[in-house]
Amino acid sequence: MKKRTRNIIRVSTIVAIVVLTGITLWFNFTKDNATTKVGDKAVDFKLKSLEGEEFQLHEVTKDKGVIINFWGTWCKPCREEMPDLNRAQVDHNDDDVMIITVNVSEKPQQIEQFIRGLGEDMSLMMLLDPNRSVTKAYNIGPLPTTIAIDKNNKIVKKQEYQLSKQDIESFIEAVQE
């Protein structure tokens, strides 16, 4: 009887493992996990800035290329690249490019404290994505993630993780082409 019980337990365990593996594979391969990639059309969105102004992407991309940087106050690489993004916006203010930032679901108070901690005047437009609707629409994973969109509403460049000064210039060139 013991041998029969052991065999039943072994078979049941193997069947359970096979079923669970099958379910896991099914969920991984059938869920919508498409990422936004270069060549895709940019998803239009409307968000409010930290100052309460309304921003709509496709209204700006009629005239300028747009670089969107998704970030969070807790993110050390975001903190390190923010001054470089700000200086690039100031340097290219008269060019056909606009650099905006989209904060991922944090409170204005946290963002203002973050900005004060940077120790410089910020010229970047800081948009708020409180319910992560834009972050989800662009399927943003790690922060920071930066996307460049040209005047034709086409994504021309994308980079996850921190940008160097050279990367920022490369993004600016990509939207001006």
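Before reading on, note that the structure itself is shown above.
Residues numbered from 1 in each chain as written. Predicted model: local features only at pLDDT ≥ 70, side-chain atom pairs only at ≥ 80, totals over all residues. Heavy atoms only, no water.

## Side note on the sheet that holds strand E1 (residues 46–49)
Overall, mixed pairing links the 7 strands, which are arranged E2-E1-E5-E4-E3-E6-E7 in an open sheet. Every other strand in the sheet has two partners, leaving strand E2 (54–56) and strand E7 (155–160) as the edge strands with one partner each. Taking the axes of each pair of neighbouring strands and ignoring which way they run, one obtains an average angle of 30 degrees across the sheet. Relative to E7, strand E6 (residues 145–149) is paired through 5 bridges, and the arrangement is antiparallel. (Pairing = 2+ DSSP bridges. Helix = DSSP H or I, 4+ residues; strand = E, 2+ residues; numbered from the N terminus. Axes fitted to C-alpha atoms, helices over the stretch in contact; angles between N-to-C directions.)

## Observations regarding the nonpolar core
Residues Phe45, Phe55, Leu57, Ile68, Phe70, Ile100 and Tyr138 are the most contacted members of the largest nonpolar core, which totals 46 residues. When residues of this core are traced back to their parent elements, those giving at least two are helix H2 (57–60), strand E3 (65–71), helix H3 (76–91), strand E4 (97–104), helix H4 (108–118), strand E5 (125–129), E6 and helix H6 (165–176). A per-element tally of this core places E4 first, with 6 residues. Apart from residues lying up to four places away in sequence, Tyr138 is in contact with Thr36, Ala42, Val43, Phe45, Leu57, Phe70, Ile147, Ile149, Ile155 and Lys158. (Core = buried A, V, L, I, M, F, W, Y, C linked by side-chain atoms within 4.5 Å. Buried < 20%, exposed > 50% of the residue type's maximum accessible area, 1.4 Å probe, protein only. Contact = heavy atoms within 4.5 Å.)

## Points about the pairing of E1
As paired elements, E1 and E2 share 3 bridges and run antiparallel to each other. The residue bridging Lys46 from the neighbouring strand is Gln56, located in E2. If you look at the hairpin formed by E1 and E2, you'll find 4 residues sitting between the two strands, and Gly52 has a positive phi there, around 95 degrees. Here E1 pairs with E5 via 2 bridges, running antiparallel. Paired with Lys48 across the strands is Leu128, a residue of E5.

## Digging into the pairing of E3
Among the 7 residues of E3, 7 are classified as buried, and the element is accordingly described as predominantly covered. The alternating pattern of E3 places Gly65, Ile67, Asn69 and Trp71 on one face and Val66, Ile68 and Phe70 on the opposite face, and all of these are buried. Where E3 lies against E4, 7 bridges are found, and the strand directions are parallel. Directly across from Ile68, in E4, lies its bridge partner Ile100. Handedness of the crossover joining E3 and E4 through H3 is recorded here as right-handed. Taken together, the 5 bridges between E3 and E6 define a ladder with antiparallel strand orientation. (Right-handed = clockwise from strand over helix to strand, strands pointing away.)

## Looking at a negative patch on the surface
Among the surface-exposed residues, Asp91, Glu169, Glu173 and Glu177 lie close enough to one another that they form a single negatively charged patch. Here Glu169 shows up in helix H6. (Patch = residues over 30% accessible without salt bridge, like charges linked within 9 Å, V, L, I, M, F, W, Y side chains within 5 Å. Areas by Shrake-Rupley, 256 points an atom, 1.4 Å probe, with all protein chains shown as cover. Salt bridge = Lys/Arg side-chain N within 4 Å of Asp/Glu carboxyl O. Lys, Arg positive; Asp, Glu negative; His and termini not counted. Charge placed at Lys NZ, Arg CZ, Asp CG, Glu CD.)

## A short note on a nonpolar patch on the surface
A contiguous nonpolar surface patch, about 320 Å² in accessible area, is contributed by Val11, Val15, Val19 and Ile23. Structurally, the position occupied by Val15 is in helix H1 (residues 2–30). Taking relative accessible area as the criterion, Val15 reaches 46% and is therefore assigned partly exposed.

## Re the state of the cysteines
Summed over all chains, the structure comprises 1 disulfide. Across the disulfide from Cys75 sits Cys78; the S-S distance is 2.4 Å. Negative torsions about the S-S bond denote left-handed disulfides, and the value of about 80 degrees found for Cys75 with Cys78 makes this one right-handed. Neither residue differs from the other here; Cys75 and Cys78 are each classed as buried. (Disulfide = S-S within 2.5 Å.)

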